[in-house]
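# Secondary and tertiary structure notes
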Amino acid sequence: MSQNLWTKVEKYFGGMIAEDAALKAALKDCAKAKLPPIGVAPNEGKLLMLMAQMIGARRILEVGTLGGYSTIWLARGLSEGGKLVTLEYEKKHAAVAQKNIERAGLADRVEVRVGDAKETMPQLVSEGAGPFDLIFVDADKQGYPVYFEWALKLSRKGTVIIADNVVRDGEVLKAKSKDASVSGVRKFNKVVTADKRVSATAIQTVGSKGYDGFAVLLVK
Ligand code: SAH
Ligand code: DHB
Ligand code: MG
């Protein structure tokens, strides 16, 4: 079992998913703007869309936009009249995302908000923007424990929270890791497990971007 095989299998399923022109152009423009290639894979993107559809999401929050690739998938899962808010710290990333979202014909239902999610999430709370039906947490990993707390404040009973990158090549097992991303994810996993307000699980994944995984939480 190898990275090479994981990449081939991702391509195999990616071919079946067949990204449309807007998704392909989004990835191209992300690369052109030299954004780091750390967005979700096509099969994970489609899973996000399907999960939104499964729960009939009308309000979606994304924490960590990058170039808007996962945003496009999520927004396509919105039910009629739905809205998505996506939070991004880097102005440059947000600008690339905005263009990609416009080209995908989703600008009418997606708001890209620039700023540190540690500030924009509390802003959303004070605006009464919640509750969201689906929240995708995918920004800096050291921030996950804080994003979890704010996500709960923006949730209702039945809200689904998905947190990306909770395995980190298995680094998540290292209790003494000096990597702030690893300790952030470890703390996130710990507080989620201890929190009676949610029921959660985690799924390991492999693909072109290596070995990782995501957590799925249901707010009780
Ligand atoms: N969801 C995207 C990938 C996101 S990568 C996709 O799958 O296509 C993580 C993003 O989080 C980066 O663009 C990074 O700039 C952003 N980020 C990092 N720290 C942040 C913060 N404190 N607040 C908001 N966004 C942040
Ligand atoms: C990184 C961030 C992500 O959201 C991801 O899916 C993969 C890698 C990173 O910061 O390295
Ligand atoms: Mg991610």
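Below is a short write-up of the structure. (Residues numbered from 1 in each chain as written. Chains lettered and ligands numbered in written order. Predicted model: local features only at pLDDT ≥ 70, side-chain atom pairs only at ≥ 80, totals over all residues. Heavy atoms only, no water.)

What follows deals with the site of ligand 1. Close contacts around ligand 1 come from 23 residues, with Val 40, Ser 70, Glu 88, His 93 and Asp 138 the closest. Within the side chain of Asp 140, one N or O atom sits 3.1 Å away from a nitrogen atom of ligand 1. Considering ligand 1 on its own, with 580 Å² of exposed area, one finds that the protein chains cover 90% of that surface. Going through the elements one at a time, helix H4 (69–76), strand S2 (83–88) and helix H6 (117–127) are the ones with two or more residues in the shell around ligand 1. A breakdown of the residues in the shell around ligand 1 according to their chemical character gives 10 nonpolar, 6 polar and 7 charged. (Near = heavy atom within 4 Å. Polar contact = N/O pair within 3.5 Å; in protein donor to acceptor, adjacent residues only side chain to side chain. Areas by Shrake-Rupley, 256 points an atom, 1.4 Å probe, with all protein chains shown as cover. Helix = DSSP H or I, 4+ residues; strand = E, 2+ residues; numbered from the N terminus. Nonpolar A, V, L, I, M, F, W, Y, C, P; charged D, E, K, R; others polar.)

Another aspect to go through is the coordination of the magnesium ion (ligand 3). Coordination of the magnesium ion (ligand 3) by the protein comes from Asp 138 (OD), Asp 164 (OD) and Asn 165 (OD1), over a distance range of 2.0 to 2.2 Å. Considered as a linear motif, the donors of the magnesium ion (ligand 3) on their single chain read D-x25-D-N. Of this pair, Asp 138 sits in the loop between strand S4 (134–137) and helix H7 (144–153) while Asn 165 sits in the loop between strand S5 (160–164) and helix H8 (180–194), and the two are 27 residues apart along the sequence. The exposure classification of Asp 138 matches that of Asn 165, with both residues buried. (Donors = N, O, S within 2.8 Å, 3.2 Å for Na, K, Ca; no water. Buried < 20%, exposed > 50% of the residue type's maximum accessible area, 1.4 Å probe, protein only.)

Okay, the side chain of Asp 29 next. Its place among the elements puts Asp 29 in helix H2 (residues 21–32). Given the relative accessible area of 15%, Asp 29 is considered buried. For Asp 29, the side chain forms a polar contact with the side chain of Arg 103, separated by 3.1 Å. Those residues in contact with Asp 29 that sit more than four places away from it in its chain are Val 96, Lys 99, Asn 100 and Arg 103. (Contact = heavy atoms within 4.5 Å.)

So, on to the pairing of S4. Neither face of S4 is left uncovered, since the one carrying Leu 134 and Phe 136 and the one carrying Ile 135 and Val 137 both have all their residues buried. In this structure, strand S1 (residues 59–63) lies alongside S4, joined through 4 bridges in parallel fashion. Within S4, the residue paired with Ile 60 across the bridge is Leu 134. Handedness of the crossover joining S4 and S5 through H7 is recorded here as right-handed. (Pairing = 2+ DSSP bridges. Right-handed = clockwise from strand over helix to strand, strands pointing away.)

Turning next to the site of ligand 2. The full set of residues close to ligand 2 is Ile 38, Asp 138, Lys 141, Asp 164, Asn 165 and Arg 168. Within the side chain of Asp 164, one N or O atom sits 3.2 Å away from an oxygen atom of ligand 2. Side-chain polar atom of Asn 165 to an oxygen atom of ligand 2: 2.7 Å apart, as the coordinates give it. Isolated, ligand 2 exposes 290 Å² of accessible area, and the fraction of that covered by the protein chains is 66%. Partitioning the shell around ligand 2 into residue classes produces 1 nonpolar, 1 polar and 4 charged.

The analysis is restricted to geometry; functional conclusions fall outside its scope.
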